[in-house]
Amino acid sequence: MPEPLINLTIKKIMDLMTKIISLCKRRGFVFPSSEIYGGFSAVYDLGPYGVELANNIKKEWWKVMVQEREDIVGLDSAIFMHPKIWEASGHVSGFADPLTECKKCNGRLRVDHLLEGINIFADEKMTEEEINQLFDKHKGEIKCPNCGKNDWTKVKKFSLLVKANLGNFTDDWSRDPVYLRGETCQGIYVNYLNVLDSNRVKIPFGIAQIGKAFRNEITARQFIFRTIEFEQMEMQYFCSPAQEMEEYEKLRQNRWQYYLNLGISEKNLKWHKHENLVFYAKEAYDIEYNFPFGFKELEGIHARGNYDLSQHGKFSGVILDYADPKTKKKYIPHIIESSVGVGRTMLAVLTEAFNEEQVKEGEIRTVLKFPARLAPIKAAVFPLLGNKPELAEKARNIFNDLKKVFQVEFDDSGNIGKRYRRQDEIGTLYCITIDFESLEKNTVTVRDRDTMQQERVNITELKQFLTDKITKASSY
Ligand code: GAP
C-alpha cells in the first residue's frame, strides 16, 4: 500500500536531520558529549572539522560586526559574574520554562512548545498560575509526542539559570549561588562604562562579544539547535532614545543581508515578529531559518529601550548615564541587540550545504557545499599513488607550501575516487592531485568540489590560483 503523503513528508524531514547528524559524527564535525560513558544529554563536542567550521563562522561574524565597523568594539567578559547581575537582569525571578510531565511515559516537555503545536501562543511573562489556566483549557487536545497519550501533570516553571557552588564551602548547593551566565550580553552591559571611559567611543556605538552561555534547557532531540552549553555571538548597540528605532531598522537589514552573504538562500529565511513583548521592549523580531524540522529562530534582534542599563544602575548604585557631548544633556542609553548562537548558525549552514547528487546510475555523492570562507578545509593534496616516493615527495612539498596560507589536508590512502568522496563529504573546495605528468611538466590537476571539473595548473602558480579562486568566491 502506498505511504500517505504526510508520513512521507515527515520521513523526508527526519531523513535529512538523521543524515546530517550521522555525517557530523562519521566525519568528525560533532560528537555527542561523554559518549564512552553513555552520553550526556543536550551537550555536544566539536570534532576536528566542526571546530574549523565554528571558528570560520565566528571569524566571519567578528569581521562584519567588529573589523568592518568603526562604531563597534569587541569584548571578552568572564563567565562568572556577580550574582546580583542576574537579579538586576530579571533572570533570577523570571528566566524559567513552563514544563509538564506526561504521566504515562514521564517525558518532560515545554508547555509553550506543546501549545504552539496547536497554534496557541503563550505569553513569556505568564505566571505559573496563568499558564496552568491556559494549559488546562487546551490540554485535552494535546497528545504526548513521545508516546501519543494524553495525561499531563500540572505545569511548573523551572529556572533556566545554571547554578555553581563557587565560593560556597557548604554542602548546600542552593545557598548563595553563583550562576554560569545565561547570556553573554550581561557582561557587555556591566562593562559599558569601562568601554566608554577607556575608548574613544561616542553614542551611537556597539560592543560585540562571542562566548559560552549555559541554560538548564529541556530539549527534545534537537541536536545542536538547542543545547545546555552553547556559544553566543551578541552585539549590543547603545543609542539615544531618539535614535533607537532608526538604528534598529538598520540592524535588522544588516543582519538579513549577513545571512544572504553567508550563502543562506532567502527562501529559507523569514521574519517572525514577537507579538507578546516584555514590558520594556519596543520591538522584537527573530530571523527564522528553515531547519530540517521547520522554520525556527536562528537569531533575535531586539529593541530593548533603556531597561538593561536602568536595572544595572539601580542594583549597582553606579550612575550609568551618558552625557551628550554636544547638548550636555544626560540620559540612560537605549539598547538594540543582535544575538545568535554559533551552534544554531552551524546547523543552518550544514542544512544549507548538505547535498546528495546522483553522479551516475546507482552512485550518489554526498557533498557539503559550504561557501569558500566557511569550508573547514580549503584544499586536499593527493599523490596519485601513495607508494611512489617521487610522487609523495612532490605532494608533500606542495602541501607544506600551501599549509602556511590555507587549512589543507594531505591524503595518500585509498584510490583517488574514494579520496574525492571523503573530501566532498567534508566540503573541501579543491582536490589537488600529483601524478606522473606532475614529475615531467611541474603541473597538477585541481578538481573543483561543486563542478567536479579538473584543470591542470602549474605548481608555481598554484598558491595564487587558489587564492584567486577562494577570495573571488568569498567576495560579496
Ligand atoms: N541576549 C538575548 C538572548 O540571549 P535568546 O533569544 O534567549 O536571547 C539568542 O538567545 C540566541 O541564542 C538564539 O536566537 C539562539 O541562536 C541562541 N540560543 C539561545 N538558547 C540556545 C540554546 N539553548 N542552544 C543553542 N543556541 C541557543
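Residues numbered from 1 in each chain as written. Predicted model: local features only at pLDDT ≥ 70, side-chain atom pairs only at ≥ 80, totals over all residues. Heavy atoms only, no water.

Asks: Any chance you could explain the overall build of the protein here in plain terms?
Replies: Regarding its fold elements, the protein presents 15 helices and 23 strands. Counting only C-alpha atoms and orienting by the principal axes, one finds that the protein spans roughly 75 × 70 × 50 Å. Buried positions account for 49% of the 476 residues belonging to the protein. When contacts within the protein are restricted to residue pairs at least 6 apart in sequence, those whose partners lie at least 24 apart make up 65%. Looking at the protein as shown, the accessible area adds up to about 24300 Å², and 51% of this sits on carbon and sulfur atoms. (Helix = DSSP H or I, 4+ residues; strand = E, 2+ residues; numbered from the N terminus. Buried < 20%, exposed > 50% of the residue type's maximum accessible area, 1.4 Å probe, protein only. Contact = heavy atoms within 4.5 Å. Areas by Shrake-Rupley, 256 points an atom, 1.4 Å probe, with all protein chains shown as cover.)

Asks: Any chance you could explain the nonpolar core here in plain terms?
Replies: One broad trend across soluble globular proteins is that nonpolar side chains are buried collectively. In terms of nonpolar packing, the biggest core is built from 77 residues, with F29 and I432 touching the most fellow members. Looking at this core element by element, the count peaks at 8 residues for helix α2 (residues 48-67). Residue contributions to this core reach at least three from each of two domains, namely domain 1 (27-78 + 166-360) and domain 3 (377-474). (Core = buried A, V, L, I, M, F, W, Y, C linked by side-chain atoms within 4.5 Å. Domains from an automatic or database assignment.)

Asks: So what exactly am I meant to see when it comes to the pattern of salt bridges here?
Replies: Between side chains of opposite charge, pairing is possible as soon as their charged atoms come close. Within this structure, the stated rule accounts for 37 salt bridges. Notably, a salt bridge pairs D71 with R69, separated by 2.9 Å at the nearest N-O pair. Under the relative-accessibility criterion, D71 is labelled partly exposed at 22%. R69 gets classed as partly exposed once you look at its relative accessible area, which sits at 25%. Notably, a salt bridge pairs E244 with K282, separated by 2.7 Å at the nearest N-O pair. Separated by 38 residues along the polypeptide, E244 in helix α9 (residues 244-261) and K282 in the loop between β11 (269-273) and β12 (283-291) bring together distant segments of the chain. The buried category is assigned to E244, whose relative accessible area is 0%. Each of the salt bridges in this network shares a partner with another, and the network as a whole consists of E357, K360, E363, R365, K369, R421, D424 and R447. (Salt bridge = Lys/Arg side-chain N within 4 Å of Asp/Glu carboxyl O.)

Asks: Please clarify how the site of the ligand should be interpreted in this entry.
Replies: Near the ligand, the surroundings consist of 19 residues, among which E183, R215, E234, E297 and L298 are the closest. Contacts to the ligand include G341, whose backbone N or O atom sits 2.9 Å from an oxygen atom. Coverage of the ligand by the protein amounts to 92% of the 560 Å² it exposes when considered alone. Those elements giving two or more residues to the shell around the ligand turn out to be β10 (229-239), β13 (294-303) and β16 (334-341). Its residues assigned to classes, the shell around the ligand shows 5 nonpolar, 5 polar and 9 charged. (Near = heavy atom within 4 Å. Polar contact = N/O pair within 3.5 Å; in protein donor to acceptor, adjacent residues only side chain to side chain. Nonpolar A, V, L, I, M, F, W, Y, C, P; charged D, E, K, R; others polar.)

Asks: What should I look at first to understand the domain arrangement of the protein in this one?
Replies: When the parts of a complex come together, some accessible area is lost, and that lost area is often taken as the interface size. Per the domain assignment, the segments making up the protein are domain 1 (27-78 + 166-360), domain 2 (96-159) and domain 3 (377-474). One C-alpha centre belongs to domain 1, the other to domain 2, and the line joining them spans 27 Å. In this complex, domain 1 contributes 10 residues to the contact, which on the side of domain 2 involves 13 residues. Of the roughly 800 Å² buried between domain 1 and domain 2 on both sides combined, carbon and sulfur atoms contribute 45%. Our count for the domain 1 to domain 2 interface comes out at 1 salt bridge. Between E217 and R110 there is a salt bridge; the shortest N-O distance is 3.7 Å. Applying the counting rule to domain 1 against domain 2 returns 0 residue pairs in polar contact (both at pLDDT 80 or more). Along the lines of polarity and charge, the residues of the side of domain 1 that touches domain 2 split into 4 nonpolar, 3 polar and 3 charged. (Buried area = accessible area lost by both parts, 1.4 Å probe.)

Asks: Just checking my understanding: could you explain a nonpolar patch on the surface for this structure?
Replies: Nonpolar side chains collect at one region of the surface, where L385, F436 and L439 lie side by side and expose about 230 Å² of accessible area between them. Relative to the assigned elements, L385 resides in the loop between β19 (379-383) and α12 (389-402). (Patch = residues over 30% accessible without salt bridge, like charges linked within 9 Å, V, L, I, M, F, W, Y side chains within 5 Å.)

Asks: Honestly, the sheet that holds strand β23 (residues 454-458) in this entry has me stumped. Any pointers?
Replies: Here 5 strands make up an open sheet; going across it, the order is β20-β19-β21-β22-β23 and the pairing mixed. Every interior strand has two partners, whereas the edge strands, β20 (408-410) and β23, have only one. Here the average twist between neighbouring strands, direction ignored, is 25°. As paired elements, β19 and β20 share 3 bridges and run parallel to each other. Looking at the pairing, V381 lines up with F410 of β20. Of the strands in this sheet, β19, β20, β21 (430-434) and β22 (443-448) touch α12, which is tilted by about 165° from β19. (Pairing = 2+ DSSP bridges. Axes fitted to C-alpha atoms, helices over the stretch in contact; angles between N-to-C directions.)

Asks: Is there a simple way to explain the packing of α2 against helix α11 (residues 342-353) in this structure?
Replies: Axes are the key here: two packed helices are described by the angle between their axes and the distance separating the axes. Between α2 and α11, whose axes approach to 10 Å, the crossing angle comes to 105°. Here α11 runs roughly perpendicular to α2, going by the angle between their axes. Contacts from G50, L53, A54, I57 and K58 of α2 reach α11 at V342, T345, M346, V349 and L350. Among the residues forming the contact of α2 with α11, the class breakdown is 7 nonpolar, 2 polar and 1 charged. (Parallel < 35°, antiparallel > 145°, perpendicular 65-115°, else oblique.)

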